[in-house]
Amino acid sequence: MPSKKLKIQISSPNLLESDYLVLGDQLVKQWRIPTNYPLQLNFGSLRHTVRVISLAKFDGVRISQELANKMGVLPRSSLRLIYRPQSSTLQFGPLVGVLISRDIPGALERPFGPITMFCKELVNACQRQGAYVYFFTPNHIGSSPGKLTAWVYGDTWKQIQVPAADVFYNRLTSRKLENKPSVQHFLKEVKSRYGSHFFNEKFLDKTEVFDALGRDITVSRYLPESHLLRNFTVLKTMCAKYPIVFLKPIRGSLGKGIIRVSRLEGGAYLTLATQVGGTKRQTYPSLAKLFSSISGKMKFTRYQIQQGLSLIEIDRRPVDFRALVQKNLNGKWSVTSIVARTAGSQHFVSNLARGGSLSTVKEAAFKSTLPAGIKAKIGTRLKTAALDIAQGVDKQLPSHFGELGIDLAVDTNGRIWLLEVNSKPSKNDNTPIGGGKIRPSVKQVIDYARYLSGF
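What you see is a predicted model; the values in this text were computed from it and never measured.

Focus: the overall build of the chain
Looking only at helices and strands, the chain features 13 helices and 25 strands. For the chain, the spread of C-alpha atoms along the principal axes amounts to about 90 × 50 × 40 Å. For the chain, buried positions account for 56% of its 455 residues. A separation of at least 24 residues holds for 66% of the contacts in the chain among residues at least 6 apart in sequence. Of the accessible surface of the chain, which amounts to about 21,100 Å², a share of 50% is contributed by carbon and sulfur atoms. Of note, the chain has its 65 positive side-chain charges centred 2 Å away from the centre of its 31 negative side-chain charges.

Looking at the nonpolar core
Generally speaking, soluble globular proteins have nonpolar side chains that are buried together. Ranked by internal contacts, the top residues of the largest apolar core, which has 46 residues, are Leu21, Leu23, Phe43, Phe92 and Tyr134. Of all the elements, helix H5 (residues 181–194) adds the most residues to this core, at 4 residues. Counting the residues that make up this core, at least three belong to each of domain 1 (4–93) and domain 2 (95–199). Non-local contacts of Phe92, meaning those with residues more than four positions away in its chain, are made with Ile8, Leu21, Leu41, Asn42, Phe43, Val61, Met71, Leu79, Arg80, Leu81, Asp166 and Phe455.

Quick look at the pairing of strand S7 (residues 89–93)
Of all 5 residues in S7, 5 are buried, a share of seventy percent or more. Alternating residues of S7 divide into Thr89, Gln91 and Gly93 and Leu90 and Phe92, and every residue in both groups is buried. Two strands pair when backbone bridges link them, and strand S3 (residues 39–43) and S7 are joined in this way by 4 bridges, in the parallel orientation. By the bridge assignment, Asn42 is partnered in S7 with Gln91. Adjacent in sequence and paired antiparallel, strand S6 (residues 78–84) and S7 are bridged by 4 residues, among which Ser88 carries a positive phi angle near 50 degrees.

Points about the sheet that holds strand S1 (residues 4–10)
Read around the closed barrel, 7 strands run S1-S5-S2-S4-S3-S7-S6, paired in mixed fashion. Between one strand axis and the next, the sheet turns through 40 degrees on average, direction left out of account. For strand S2 (residues 20–24) and strand S4 (residues 46–55), the ladder comprises 5 bridges, and the chain directions are parallel. Bridging from a neighbouring strand, Val22 pairs with Ile53 of S4.

A short note on the sheet that holds strand S19 (residues 303–307)
The antiparallel open sheet is built from 6 strands, whose spatial order is S14-S19-S15-S16-S17-S18. At either end of the open sheet lies a strand with only one pairing partner, and these are strand S14 (226–228) and strand S18 (278–284). Adjacent strand axes in the sheet meet at a mean angle of 20 degrees when their direction is disregarded. Pairing analysis gives 5 bridges linking strand S16 (residues 259–263) to strand S17 (residues 269–275), with the strands arranged antiparallel. If you follow Val261 over to S17, its bridge partner there is Thr271. Docked against the sheet, helix H6 (residues 206–213) engages S14, strand S15 (244–249) and S19, running at close to 45 degrees with respect to S19.

A look at the state of the cysteines
One pass over the structure, following the stated rule, counts 0 disulfides. We note that Cys119 lacks a disulfide partner, and the nearest cysteine sulfur, in Cys126, lies 11 Å from it. On the basis of relative accessible area, Cys126 is assigned to the buried category, the value being 1%.

Some details on H5
Spacing of three or four residues puts side chains on the same side of an α-helix, whose turn is 3.6 residues. Between its first and last C-alpha, H5 extends 19 Å over 14 residues, near the 20 Å set by a 1.5 Å rise per residue. Within H5, the full set of buried residues consists of Val183, Phe186, Leu187, Glu189 and Val190. Residues of H5 that are buried sit in contact with strand S8 (95–99), strand S9 (132–136), strand S10 (147–153), strand S12 (167–170), helix H4 (175–178) and strand S13 (197–199). A positive backbone phi angle near 70 degrees is found at Gly195, which sits one or two residues after H5.

Observations regarding the packing of aromatic side chains
Applying the stated rule across the entire model yields 15 aromatic pairs. Between Phe168 and Phe186, the aromatic rings sit 5.4 Å apart at their centres with planes inclined by 80 degrees, giving edge-to-face as the arrangement. Of this pair, Phe168 sits in strand S12 while Phe186 sits in helix H5, placing them 18 residues apart in sequence. Given the relative accessible area of 1%, Phe168 is considered buried. For Phe186, a relative accessible area of 3% gives the class buried. Of the aromatic side chains, those joined through ring pairs into one cluster are Phe112, Phe135, Trp151, Tyr153 and Trp157.

Side note on the environment of Leu370
With respect to the helices and strands, the residue Leu370 is situated in the loop between helix H10 (361–367) and helix H11 (372–375). Residue classification places Leu370 among the buried positions, given a relative accessible area of 3%. Each C-alpha atom, one on Leu370 and one on Ala268, is 31 Å from the other, the two residues being 102 residues apart in sequence. Leave out the neighbours within four places in its chain, and Leu370 touches Ile312, Ala365, Lys375, Ile378, Val410, Asp411 and Gly414.

What about the domain arrangement of the chain?
We note that the domain assignment places domain 1 (4–93), domain 2 (95–199), domain 3 (227–307) and domain 4 (311–423) within the chain. When each unit is reduced to the centre of its C-alpha atoms, the spacing between domain 1 and domain 2 is 24 Å. Taken together, the 19 residues of domain 1 in the interface contact 21 residues of domain 2. With both chains or domains summed, domain 1 and domain 2 bury close to 1,300 Å², and 52% of this area falls on carbon and sulfur atoms. Our count for the domain 1 to domain 2 interface comes out at 1 salt bridge. Arg76 serves as the salt-bridge partner of Asp155, at 3.0 Å between the closest nitrogen and oxygen. At the junction of domain 1 and domain 2, the tally comes to 9 residue pairs in polar contact (both at pLDDT 80 or more).

Rules of the game
- Throughout this description, residue numbers start from 1 for each chain and increase along the sequence as written.
- Where local features are concerned, this predicted model is filtered to residues with pLDDT of at least 70; where side-chain atom pairs are given and counted, the filter is 80 or more; whole-chain, interface and lining totals use all residues.
- To get the side-chain values, all heavy atoms of the structure are used, and hydrogens and water are removed first.
- Runs of H or I in DSSP of at least four residues are treated as helices and runs of E of at least two as strands, each being numbered from the N terminus.
- Burial here depends on accessible area, computed with a 1.4 Å probe over protein chains only, as a share of the maximum for the residue type. Under 20% is buried, over 50% is exposed, and the range in between is partly exposed.
- Residues count as neighbours in contact if any of their non-hydrogen atoms are within 4.5 Å of one another.
- In short, Shrake-Rupley with a 1.4 Å probe defines the accessible areas, and a residue's cover is counted only from the protein chains shown.
- Charge counting follows a simple rule: Lys and Arg are positive, Asp and Glu are negative, and His as well as the terminal groups are ignored.
- By convention, charge coordinates are those of NZ in Lys, CZ in Arg, CG in Asp, or CD in Glu.
- In plain words, nonpolar cores are sets of buried Ala, Val, Leu, Ile, Met, Phe, Trp, Tyr and Cys residues tied together by side-chain atoms within 4.5 Å.
- An automatic or database domain assignment supplies the residue ranges for each domain.
- In this scheme, strands are said to pair when DSSP sees at least two bridges between them.
- Note on method: axes are straight lines fitted to C-alpha atoms, helices fitted across the in-contact stretch only, with angles between N-to-C directions ranging 0 to 180 degrees.
- Cysteine sulfur atoms that come within 2.5 Å of each other are treated as a disulfide pair.
- To estimate the expected span of a helix, count its residues, drop one, and scale the result by 1.5 Å.
- Each aromatic pair joins two rings of Phe, Tyr and Trp (for Trp, the six-membered one) with centres within 6.5 Å, and gets the label stacked for planes under 30 degrees apart, edge-to-face for over 60, and tilted for any other angle.
- Note on definitions: buried area is the accessible-area loss of two parts on being combined, 1.4 Å probe, summed for both.
- The salt bridge definition used is simple: a Lys or Arg side-chain nitrogen within 4 Å of an Asp or Glu carboxyl oxygen.
- In the analysis that follows, any N or O atom pair within 3.5 Å is treated as a polar contact, provided that within protein one partner can donate a hydrogen and the other can accept it, and provided that, for residues neighboring in sequence, both atoms belong to side chains.

Given below as structure tokens:
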């Protein structure tokens with residue numbers, strides 16, 4: 001049965017009882033919905049018995065104020081409706097819950113700090129598609145998983161009670177918050193009790209990703225040699241094999257804490273380490289001395305050691321690529337965007353947080369040191385690699401992901417390499433969006449929520 005998008009009208013108090021709702025006679029006839037007969041209304045975890053009243057020349061749905069409060073919907077919302085005759089069920093939705101790290105209740109202009117614009121864009125995308133979205137933090141999770149307090153947007157941001165959603169989108173930016181017992185218990189309960197879907201349910205760490213993808217024949221060709229840095233022997237073996245290696249915190253992000261190790265003539269080693277405002281350079285007379293200097297850090301930070309690559313450059317600055325890969329309305333991976341990132345002048349990593357700059361793939365390819373015969377084809381090849389890797393993550397890792405940030409590099413021979421897979425690509429307000437415009441990346445989140453919830 002297809003779904004239909006309907007405008008919600010909320011009746012004035014006492015004009016309509018909570019167990020009645022009004023639908024247009026055309027839809028009632030078309031879908032053969034019985035009138036004045038008890039049906040089950042589903043909205044997320046909410047279950048409520050209603051009877052339908054048919055109204056001539058009416059094209060929306062009218063509900064009581066009491067029912068609107070139970071659903072947590074605001075006036076002028078639009079929702080999709082499905083009628084399932086075999087179970088006598090009317091289902092509204094999809095209801096989408098977005099789990100975020102923090103809120104600032106006193107700051108109604110920006111209650112979610114730097115991701116507020118992204119959240120508002122999600123609200124606009126939902127209104128266009130007939131979905132309904134709310135935002136909540138781990139602090140909003142109470143004792144009952146079927147009901148929570150959350151933020152919704154009408155004319156302004158406000159907090160109200162809502163049912164558990166059909167689909168939850170995890171935007172937590174802290175592993176500590178994600179691993180809180182209350183969050184993990186909530187996740188488990190909504191899945192088992194209400195059949196809720198929960199995507200991007202966990203952070204990834206580099207060792208887990210590279211070990212898993214190494215088992216996939218299609219993907220393994222994109223992987224630089226990579227190991228967990230357990231001891232001096234691992235460091236010695238990798239440094240004997242490659243003139244440059246990278247040490248990356250396995251749970252790092254934004255280029256923090258990366259150390260580039262290069263072999264110098266005469267057996268000395270140079271390290272470059274990312275720091276606020278630039279790069280720290282240090283020289284060590286031997287590899288043993290280098291290892292003893294980082295072994296203190298290894299007590300607190302686990303590192304992945306990775307083969308160094310001869311990346312293409314623009315003006316002697318390394319270039320890499322960030323692909324945003326998302327699942328679509330058919331539940332299939334598709335590439336939403338790929339951008340080139342050129343490292344800042346004081347850095348050897350390309351993250352924007354480290355002074356990197358963005359450009360199109362085409363522009364970067366033609367300015368770069370890439371061989372001329374490969375420049376025109378590199379965009380298509382990057383797209384293929386990103387899709388291969390996303391499908392590999394699905395096959396090899398047991399968690400549920402709906403979007404991934406995939407960092408790719410191209411070496412001076414034109415070979416594509418995987419640098420990193422990120423399950424929480426940044427949504428900060430650094431992209432100017434005006435006039436109610438909705439980016440494809442935001443629309444895709446709602447498309448996938450519709451697919452998961454059957455709308």
